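Observations on the model geometry
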Amino acid sequence: MGDRVRSVVSIARYGLTDDRAGDQLRAAGWWAEGAPVKEFEPALIALSRSPDPDLALRAVDRMRTGDEAGWSGLNQALATDRGLRARLLSVLGASTALGDFVIARPGEWRRLLTDRQTSPVRYPAALLEATENVDPADAVRELRAAYRGLLLEVAAADLAHLIEPDLPALDYQQATARLTYLAEAAIRAALEVAKAEVGAAREKCRFTVIAMGKTGGRELNYVSDVDVLFVADGDLDVATRLATATMRVASGACFEVDAALRPEGKAGPLVRSIDGHTSYYKRWARTWEFQALLKARPIAGDPELGQEYLDAVRPMVWTAADRDNFVDDVRSMRRRVEDHVPSDIVDRELKLGRGGLRDVEFAVQLLQLVHGRNDEALRLGSTVDALAMLGDRGYVGRTDAAELGESYRFLRTLEHRLQLQRLRRTHLFPADTDVVELRWLARAAGVKPARGKPEWQVLLEDFRRHMRRIRRLHEKLFYRPLLEAVARVPTNALRLTAKQAEARLAALGFAGPDGALRHIQALTNGVSRRAAIQSALLPALLDLFANTPDPDGGLLAYRRVSEALAATPWYLRVLRDEGAVVERLAHLLGTSKMVPELLVRAPEVLQLLGDVDKLAGRDPEEVARSLRQAVNRHGYLPNAVTAARSFRRHELLRVASADLLGFMDTLSVCHALSTVWAAVLQSVLAAVDRAESVAAGGRLATISVIGMGRLGGAELGYGSDADVLFVCEPADGASEADAVKYASRVAQSVRKLLSSPSQDPPLHVDVDLRPEGRQGPIVRTLESYRAYYAQWSQVWEAQALLRAEPIAGDEDLGARFVTLIDPIRYPADGLDADRIREVRRIKARVDTERLPRGADPATHTKLGRGGLADIEWTVQLLALRHAHEHPGLRTTSTVDGLSAATEAGLVDEVDATALREAWLLATRVRNAATLVRGKQTDQPPTSGRELAAVAAVIRQDGEADPGEFLDSYRRTLRRARGVVERLFYDD
């Protein structure tokens, strides 16, 4: 009993668990006296590495008992021929069907002896020899045996490395190529049998077999339907007899031959002439039929006729993307295929399920059909070859192409192993709970234990990972919006001479088509990957630029941005992979001169264009905190200032992009710009204060910055200066004079550092609203302000203080400054008649003296009739007169002040609406004109592309008529002017 236990334990070391294993080993002569026979120990080791050692041993035992006369030779060969051991035992442990074949045909194993395998180039001859001089009734049987023998050789070459890792292994493409070549040879042999059946009548026609699907792509499985079309010239009845016989013989002997991809499917004639095929494709073919023709190639019959067929149909394949709704049709087909998979197995379906093989194939084919119109390098039948070429040519990211190809090959390998098991067509991965089946599949696929987990669990995790990856990349590529934009460009527009290209550019709306063509040539010249990606992007971009106000300017800006960002590795990848990004970038570049200037210095904003929340949804306060933190990380003052300006540049571009794209309203834009300006002042003031305190041997003053004008009202535009007052107090132990000198040095340094020339937009800190104007000191102490306002304050200064708001520096000092000025800007009894007249006098002087020479008073956003100044002065006069009795008027915001005046009954709702609409529109037009022209401007354009651009920004519906917009703008300002004249000038 003890010997029996030791024997069982020893046998288990070789992966054998079947109760009959010991007896089978002893009968084979591989085991004796409780130990392996030395001569056959290599065979036992090989057996242990087989996908299923018990299955392989049972097959060996059946070979022994089924061919006792030949057993000695087989046994000796297994002991001495390492290659035979690896090939035979791997097949026997992986495929019951091939095991049955070897057992049923004694001596068939000799095919697997080292140096005895059939070269693939011999497949056609081997199958033809099997059917020569054979009665037609026996041809199917002989062809079946010959085909199955060669299939055994392919499987053995595919699996042998599982047992002997140093033996040459077939990679995925080598295996599918051999299987495809074997299928082609079988079709040719079947056709020869068919010709013999038809007899002399076969001379009445020329006949060819066109491979489709995986056969056409040279990527067959072990068990696949072989998809074909039949084409003939001459007697079609005879050709139909040839086709029918060929299908019958091949289907009976080797595999199912499916001709359902022919025109009209199974309802259509089995054989057509070339003219019959082309007539159908021109008139009736659906999108998926052109997709199927991607892989078409002749494999048997008359090769010249096969080539004539390809010459006739291939041009139609590469114009299929011109069809209406082409991209949507392909996507709909994929969804229909997936919808037919039962929900309980959709996650295990290797072929049709989510993340399955069809996801890869549909994505690759869609990209081929769209981009292959103009790039012949993409016209490949093999999925993995086409995917690799898409990556090489830049249509798909290198990483995406590599990962998708790896996952595709992984799933195809699993598919092969599953089909080999019983030589049945299956694509179903084992259930998570079927550990036995999972273990077998893992071993058959060469998956090893890893990460402390058995091989079956590693396989399960890898399977899920690859399915998730394929689904993610499928959705990224298959639903890429850029595909639709490229597909909308007619094929003939992709293949133009220089003169034709200029004509097309002119038709698209480019004013200088010759210049545009030079930009295109500069971007696409050469054979670099960058040039290839640009070649794919530009057809769509040209159409996108054509829909902007300034196509020429947009293309020029795109060239400059592309050249500036040529070394930025992700730039073109983002444009290629993110359809929303390229569409929005084209809109921005064709609308604004400011955006491209900012973009080359803040390219990271480009990556935000695809995500509206990141582009337009950032909290201004959170932005301000981030800016301050970024600046505070720099101890060296110039670096701190550079960081502040860089951050502002980023935010300016982000806000401008969101504004131009219609994702932010006017008040949000003003608030965002004001907040980032304030944060710049806060951070730079703190950095300068630190540096100055070190130089002075200590901090001699506490400083606060008071925002005035649009900064204080959080109403800044893109080109606005920052109006401020600087207020200080002596630090403990410091004299007032020293404190003022210290604070003045800080203030002057802040102004100089922020306005110094650089590639960033300048930041002008304006202190002209200080007491005594340009004649007064830049910095005063709080007490000095108190004394000045008590003795010298004028009504215009009280009006200016209405928008005073602490924005930087010491918060307590800022709060005390507000307490100081509140009685001045909100006088206890309002304004007397003399001071009201003074405000009106100053306003009249501003109207006559401040409007720039040549400016149009009907449209000037700031000083025009009904413009910003009119409305702001009106609201400010109401505040000066009534804020003492209506606290709601105590706000720095013009819009909030107007609402408060309405609630207080000082302005009726109709008038308030007219003023609010005019203020918002004038602000928006001012911002839009600045973005369009690339520089601060208060006068909107009155004609040309700049007016069209401003109109497009204001009217986001894409239907903006420039003349109608300008008329509407003037009407809005005229209505506001009428309200201003009543409210501001009438008592």
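Residues numbered from 1 in each chain as written. Predicted model: local features only at pLDDT ≥ 70, side-chain atom pairs only at ≥ 80, totals over all residues. Heavy atoms only, no water.

Right, let's get into the overall build of the protein chain. Broken down by element type, the protein chain carries 44 helices and 12 strands. Over its C-alpha atoms the protein chain spans a radius of gyration of 41 Å, topping by over 25% the 30 Å that the globule rule assigns to 987 residues. Across its three principal directions, the C-alpha atoms of the protein chain cover 130 × 80 × 50 Å. Partitioning the intrachain contacts of the protein chain with sequence separation of at least 6 by distance along the chain shows that 73% fall at a separation of at least 24. For the protein chain, the accessible area works out to roughly 40800 Å², and carbon and sulfur atoms hold 48% of it. Of the side chains in the protein chain, 134 bear a positive and 137 a negative charge, and the two mean positions are spaced by 3 Å. (Helix = DSSP H or I, 4+ residues; strand = E, 2+ residues; numbered from the N terminus. Rg over C-alpha atoms; globule rule 2.2 N^0.38 Å. Contact = heavy atoms within 4.5 Å. Areas by Shrake-Rupley, 256 points an atom, 1.4 Å probe, with all protein chains shown as cover. Lys, Arg positive; Asp, Glu negative; His and termini not counted. Charge placed at Lys NZ, Arg CZ, Asp CG, Glu CD.)

Turning next to the layout of surface pockets. There is about 1200 Å³ of room inside the largest pocket. Around the largest pocket sit 31 residues that line it, and D723, L769, R850, K862 and W873 are the ones nearest its centre. Mapped by element, the contributors of at least two residues to the lining of the largest pocket are α34 (709-712), α37 (795-801), α39 (833-849) and α40 (868-882). Looking at the lining of the largest pocket, the element that brings in the most residues is α39, giving 6 residues. A class-by-class count of the residues in the lining of the largest pocket yields 9 nonpolar, 6 polar and 16 charged. Each pocket or cavity is described by its volume, and for the second largest pocket that value is around 870 Å³. Taken together, 27 residues form the lining of the second largest pocket, with G213, D227, L261, K351 and R358 sitting closest to its centre. Counting only elements with at least two residues in the lining of the second largest pocket, the list comes to α11 (213-216), α14 (287-293), α16 (326-339) and α17 (357-371). Top contributing element to the lining of the second largest pocket by residue count: α17, with 4 residues. Taken together, the residues that form the lining of the second largest pocket break down as 10 nonpolar, 6 polar and 11 charged. (1 Å grid on protein atoms, 1.4 Å probe; cavity = no way out; pocket = protein on both sides within 12 Å on 5 of 7 lines; lining within 4 Å. Points joined across faces, edges and corners; volume = space filled by probe spheres on them. Nonpolar A, V, L, I, M, F, W, Y, C, P; charged D, E, K, R; others polar.)

Inspection of the entire model under this criterion finds 15 aromatic pairs. Ring geometry for Y281 versus F290: centroids 6.0 Å apart, planes at 45 degrees, classification tilted. For the pair Y281 and F290, one class covers both residues: buried. Between the aromatic rings of Y785 and F817, the centroid separation amounts to 5.2 Å while the plane-to-plane angle is 85 degrees, which identifies the pairing as edge-to-face. Placement of the pair is Y785 in helix α36 (residues 782-792) and F817 in helix α38 (residues 811-825), with a sequence separation of 32 residues. Taking relative accessible area as the criterion, Y785 reaches 1% and is therefore assigned buried. Aromatic rings pair up to connect Y785, Y788, Y789 and F817 into one cluster. (Phe/Tyr/Trp six-rings, centres within 6.5 Å; stacked < 30°, edge-to-face > 60°. Buried < 20%, exposed > 50% of the residue type's maximum accessible area, 1.4 Å probe, protein only.)

Before going further, it helps to examine the packing of helix α41 (residues 894-903) against helix α42 (residues 909-933). Axis separation between α41 and α42 bottoms out at 10 Å; the angle between their running directions is 175 degrees. For the element pair α41 / α42, the angle class is roughly antiparallel. Where α41 abuts α42, its residues T894, V895, L898, S899 and T902 lie against E909, A912, L915, R916, W919 and L920. (Axes fitted to C-alpha atoms, helices over the stretch in contact; angles between N-to-C directions. Parallel < 35°, antiparallel > 145°, perpendicular 65-115°, else oblique.)

Enumeration over the complete set of coordinates arrives at 6 cavities of 30 Å³ or more. Considered as a void within the structure, the largest cavity measures approximately 110 Å³ in volume. As for the largest cavity, its lining consists of L802, R803, E872, V875, Q876, A879, L889, T891, T892, S893, T894 and G897. Considering each element in turn, the lining of the largest cavity owes the most residues, 4 residues, to α40. Taken together, the residues of the lining of the largest cavity sort by class into 4 nonpolar, 6 polar and 2 charged. In this structure, the second largest cavity spans a volume of roughly 80 Å³. Lining the second largest cavity are 13 residues, with M63, D67, P106, G107 and W109 positioned closest to its centre. Only α4 (53-66), α5 (68-80) and α7 (96-104) provide two or more residues apiece to the lining of the second largest cavity. Residue composition of the lining of the second largest cavity, grouped by class: 7 nonpolar, 3 polar and 3 charged.

Moving on: the nonpolar core. Core analysis: the largest hydrophobic core is formed by 113 residues, its most contacted members being Y558, L575, L681, F726 and L754. Sorting elements by how many residues they give to this core places helix α33 (residues 666-696) first, with 13 residues. If near-sequence neighbours (up to four positions away) are discounted, F726 is found in contact with I703, S704, V705, A747, V765, V767, I778, V779, R780 and Y785. Within the second largest apolar cluster, 101 residues are counted, among which are A97, V102, A139 and V223. (Core = buried A, V, L, I, M, F, W, Y, C linked by side-chain atoms within 4.5 Å.)

With that settled, consider the pattern of salt bridges. Summed over all chains, the structure comprises 78 salt bridges. K476 is paired through a salt bridge with D400; the nearest N and O atoms lie 2.5 Å apart. In this pair, K476 is assigned in helix α21 (residues 455-478) and D400 in helix α19 (residues 398-422), connecting sequence segments 76 residues apart. Residue classification places D400 among the buried residues on the basis of a relative accessible area of 9%. (Salt bridge = Lys/Arg side-chain N within 4 Å of Asp/Glu carboxyl O.)

With that settled, consider the packing of helix α31 (residues 620-632) against helix α32 (residues 637-660). The interhelical angle for the contact between α31 and α32, taken along N-to-C directions, is 155 degrees, at an axis separation of 8 Å. On the basis of the axis angle, α31 is roughly antiparallel to α32. Classified by chirality, the crossing of α32 by α31 is right-handed. Residue-level inspection shows V623, S626, L627, A630 and V631 of α31 in contact with α32, the latter providing A640, A643, A644, F647, R648, E651 and R654. (Left-handed = near helix turned anticlockwise from the far one by under 90°.)

Attention now moves to the environment of L98. Tracing the backbone through its elements, the reader meets L98 in helix α7. Relative accessible area serves as the criterion here: at 0%, L98 is assigned to the buried category. The contact partners of L98, leaving out residues within four places of it in the chain, are V91, R148, L152, A155, L420 and L423.

The next subject is the confidence of the model for the protein chain. Here the protein chain averages 92 in pLDDT, and 97% of its residues register 70 or above. When pLDDT is averaged over each element of the protein chain, strand β3 (residues 205-211) comes out on top at 98 and helix α1 (residues 2-12) at the bottom at 57. Considering only residues more than four positions removed or in separate chains, one finds that residues 1-8, a stretch of pLDDT under 50, has 5 contacts. (pLDDT = per-residue confidence, 0-100.)

Located in the positive-phi region is E33, a residue other than glycine, with phi close to 55 degrees. One can find E33 in the loop between β1 (31-32) and β2 (35-36). In this structure, D115 takes a positive phi of about 70 degrees despite not being glycine. Counting through the fold element by element, D115 comes out in the loop between α7 and α8 (123-131).

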